[in-house]
Amino acid sequence: CASCHGLDGTGINNWPNISSIGQFFTDDASLLIGLVTNGGGSMPPFATSLTADEIDAVVQYVVATFQ
């Protein structure tokens, strides 16, 4: 995540700022899980490189960290 979104989530080289994305997914993270799994726009899919449990962990981290 940090290679595109930066350690603080503000984005690097015109990649999206996700620094407050967690506030949009506090009740239902299924859309974010889908984005990490399947990719979207310029974001690559991670379904073949991460397990479902790892994707869930990434999403939990992003939601908790980037409020």
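It should be noted that the structure appears before, not after, this text.
Residues numbered from 1 in each chain as written. Predicted model: local features only at pLDDT ≥ 70, side-chain atom pairs only at ≥ 80, totals over all residues. Heavy atoms only, no water.

## Some thoughts on the side chain of H5
So the rule is basically this: A run of DSSP states H or I qualifies as a helix once it reaches four residues; a run of E qualifies as a strand once it reaches two. Both are numbered from the N-terminal end. Note on definitions: a residue-residue contact is assigned when non-hydrogen atoms from the two residues lie within 4.5 Å.
For H5, the location among the structural elements is in helix α1 (residues 2-5). Aside from chain neighbours lying at most four places away, what touches H5 is T10, G11, I12, P16 and I18.

## Looking at helix α3 (residues 52-65)
How we decide: By this rule, a helix spans an expected 1.5 Å times one less than how many residues it contains. The buried label applies to any residue whose accessible area, calculated with a 1.4 Å probe on protein chains only, is under 20% of its type's maximum; exposed applies above 50%, and partly exposed to all values in between. The directions considered for the arc run from the helix axis to the C-beta atoms.
When the terminal C-alpha atoms of α3 are compared, their 20 Å separation across 14 residues agrees well with the 20 Å that a helix rising 1.5 Å per residue should span. Buried within α3 are the following residues: I55, V59, V62 and V63. Around the axis of α3, the buried residues are gathered within 95° of arc, so they sit on the same side. Across from the buried face of α3, at angles greater than 90 degrees, the exposed residues are D53, Q60 and A64. In this structure, the buried side of α3 is in contact with α2 (30-38).

## As for the packing of α2 against α3
Cut-off, in case you're wondering: Here, axes are lines fitted to C-alpha atoms. For helices the fit covers the stretch in contact, and angles between N-to-C directions go from 0 to 180 degrees. Roughly parallel means an angle under 35 degrees; roughly antiparallel means over 145; roughly perpendicular covers 65 to 115; every other angle is labelled oblique. Two helices cross in a left-handed way if the nearer one is turned anticlockwise from the farther one by less than a right angle. They cross in a right-handed way if the turn is clockwise. Charged means Asp, Glu, Lys or Arg here, nonpolar means Ala, Val, Leu, Ile, Met, Phe, Trp, Tyr, Cys or Pro, and polar covers whatever is left, Gly included.
Between α2 and α3, whose axes approach to 10 Å, the crossing angle comes to 125°. Taken together, the axes of α2 and α3 lie oblique to each other. As for the relative orientation of α2 and α3, their crossing is right-handed in sense. Contacts from L32, I33, V36 and T37 in α2 reach I55, D56, V59, V62 and V63 in α3. In terms of residue class, the contact of α2 with α3 is built from seven nonpolar, one polar and one charged.

## Structural notes on the environment of I55
When you line up the elements, I55 lands in helix α3. We classify I55 as buried; its relative accessible area is 4%. For the pair formed by I55 and T26, sequence separation is 29 residues and the distance between their alpha carbons is 16 Å. Ignoring anything within four residues of it in the chain, the contact list for I55 reads I33, V36, T37, F46, A47 and L50.

That is the geometry; function is a separate question.
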